[in-house]
Amino acid sequence: QAKVEGRGKFCFFDARTQDAISKRITIHTDLKSPAVRQQLFLEYQPIIDLRTGKPIAMEALVRWQHPVRGVINPTDFISIAEDSGFINVIGKHVIDMTCRSAALMTPNLEFAINLSPRQLRDEMLPDKISEVLRKNDIDGRRISFEITETCLLDVGGNSLGLLDKIRALGCRIVLDDFGTGYSSFRPLHNYDFDRIKIAQALLDDVFLSPSRQIILETVVAMGQRIGIDMIAEGVETEQQAALLRSLDCPFAQGFWFSRPISDTQLIREYGVANTL
Ligand code: C2E
Ligand code: MG
Ligand code: MG
Ligand code: MG
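Residues numbered from 1 in each chain as written. Chains lettered and ligands numbered in written order. Predicted model: local features only at pLDDT ≥ 70, side-chain atom pairs only at ≥ 80, totals over all residues. Heavy atoms only, no water.

K.L.:
So what about the packing of helix α5 (residues 87-104) against helix α6 (residues 125-136)? Which residues, and what values?
P.N.:
Closest axis-to-axis distance for the α5/α6 pair is 9 Å, and the angle between their directions is 25°. Comparing their axes, α6 and α5 come out roughly parallel. When you trace α5 past α6, the crossing you get is right-handed. Residues K92, I95, D96, C99, R100 and A103 of α5 form the contact with α6, whose own contacting residues are L125, K128, I129, V132, L133, K135 and N136. Residues belonging to the contact of α5 with α6 are distributed by class as follows: 7 nonpolar, 1 polar and 5 charged. (Axes fitted to C-alpha atoms, helices over the stretch in contact; angles between N-to-C directions. Helix = DSSP H or I, 4+ residues; strand = E, 2+ residues; numbered from the N terminus. Parallel < 35°, antiparallel > 145°, perpendicular 65-115°, else oblique. Left-handed = near helix turned anticlockwise from the far one by under 90°. Contact = heavy atoms within 4.5 Å. Nonpolar A, V, L, I, M, F, W, Y, C, P; charged D, E, K, R; others polar.)

Shown next, in the form of structure tokens:
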């Protein structure tokens, strides 16, 4: 309706907004197709140990090879999948694909998987994870699950129980994007995370003002004092990497070290056959 009347008379949305809405609608429809599972694939972005310069883990990032639209990034479909409940199927598939890859890699390489709030409302999630680990013969200690603060806001007390069950499998629970969103310290009160990822926003323009640098330094120092390993996300320059090293931040991730890489590249560089 807005499309018909909106053009000349009451222009509720500009063309870009209209585009975005129709895109959302088609994505929502297309996500329901049974073909989607075959169209999803993963890229892997290394998490670097700043002391050695070597990767300790690979974060699995999902992409959707859409038959018409080409490759769609997770920011354009994860929230839609979350609203429609489809995220549980996608999420399970991501866990499957990641563990299948992990089984082919050198065993000292860890993997990180993103979880969305709705997945944490699935009581069966810990059992599903346990089954996938068993099937692929993967030590749970090789797998981290990254959740954002919204995962803890959205769901009631039982999500914490769920996290504990996942952790009982040996897996780490990591707080993603710390320092963005609502950004209170509450998530840190509510759960005893194994690691914290410092949001890219805290690194952006860090050299433009002394206060930004102090804020970053303080967050890294907080991790050190609590005894939680910090991972700085979105490192794009050598200067940022050097700053993090000087602060003794243990881990980092970002385009400076590596963009997300394909499955093939992962196997070529970290496949078990290459390290024997
Ligand atoms: P995230 O987990 O915080 O992942 C980091 C995002 O930042 C990734 O975008 C990554 O490609 C991008 N990135 C990494 N280094 C840099 C950098 O140096 N500069 C810049 N500008 N960007 C960088 P991507 O792959 O588009 O993923 C976006 C978000 O989608 C992720 O944020 C995560 O929240 C979500 N996501 C991705 N895969 C999955 C998944 O399998 N399940 C769920 N539930 N969410 C996922
Ligand atoms: Mg993440
Ligand atoms: Mg993040
Ligand atoms: Mg993010």
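K.L.:
Describe the site of ligand 1, and please don't skip the residues or the numbers.
P.N.:
Near ligand 1, the surroundings consist of 23 residues, among which R63, N114, D176, E236 and F255 are the closest. Contact distances for ligand 1 include 3.0 Å between a nitrogen atom and a side-chain N or O atom of Q45. Of all the secondary-structure elements, those providing two or more residues to the shell around ligand 1 are β2 (54-66) and β6 (172-178). Considering every element that reaches the shell around ligand 1, the biggest residue donor is β2, with 4 residues. Grouping the constituent residues of the shell around ligand 1 by class yields 9 nonpolar, 7 polar and 7 charged. (Near = heavy atom within 4 Å. Polar contact = N/O pair within 3.5 Å; in protein donor to acceptor, adjacent residues only side chain to side chain.)

K.L.:
Lay out the coordination of the magnesium ion (ligand 3) in plain terms, naming residues and giving numbers.
P.N.:
With distances of 2.1 to 2.3 Å, the protein atoms coordinating the magnesium ion (ligand 3) are D176 (OD), D177 (OD), E233 (OE) and E233 (OE). One chain supplies every donor to the magnesium ion (ligand 3), and in sequence these donors are spaced D-D-x55-E. Distance-wise, the magnesium ion (ligand 2) is placed 4.1 Å from the magnesium ion (ligand 3), both being coordinated by D176. One end of the pair, D176, is in strand β6; the other, E233, is in the loop between β8 (229-232) and α11 (238-246), with 57 residues separating them in the sequence. Here D176 and E233 have matching classes, each one buried. (Donors = N, O, S within 2.8 Å, 3.2 Å for Na, K, Ca; no water. Buried < 20%, exposed > 50% of the residue type's maximum accessible area, 1.4 Å probe, protein only.)

K.L.:
Describe the environment of Q200, listing the residues and the values that go with them.
P.N.:
Among the secondary structure elements, Q200 is positioned in the loop between β7 (195-198) and α10 (210-226). On the basis of relative accessibility, which here comes to 30%, the residue Q200 falls in the partly exposed class. The spatial distance from the C-alpha of Q200 to the C-alpha of Q39 is 29 Å, given a sequence separation of 161 residues. Discounting chain neighbours no more than four positions away, the residues touching Q200 are E233, G234 and E236.

K.L.:
Quick rundown of the packing of aromatic side chains? Include the residues and the values.
P.N.:
Under the definition given, this model contains 4 aromatic pairs. Ring centres 5.8 Å apart and planes at 85° place the aromatic pair Y44 and F111 in the edge-to-face group. A residue pair is termed long-range when its members are at least 10 positions apart, and Y44 in strand β1 (residues 40-49) and F111 in strand β4 (residues 110-114) qualify at 67 residues. Note on accessibility: Y44 and F111 belong to one class, buried. A ring pair is formed by Y191 and F193, whose centres lie 5.3 Å apart and whose planes are at 70°; its orientation type is edge-to-face. For the residue pair Y191 and F193, the accessibility class agrees, reading buried in each case. (Phe/Tyr/Trp six-rings, centres within 6.5 Å; stacked < 30°, edge-to-face > 60°.)

K.L.:
So what about the pairing of β2? Which residues, and what values?
P.N.:
A large share of β2 lies buried, amounting to 10 of its 13 residues. Pairing of β1 with β2 involves 10 bridges; the strand directions are antiparallel. Residue pairing for β2: L42 is matched across the bridge by V62. In sequence, β1 turns back onto β2 through a hairpin of 4 residues, with G53 there showing a positive phi of about 75°. Strand direction decides the pairing type here: β2 and β4, joined by 4 bridges, are parallel. (Pairing = 2+ DSSP bridges.)

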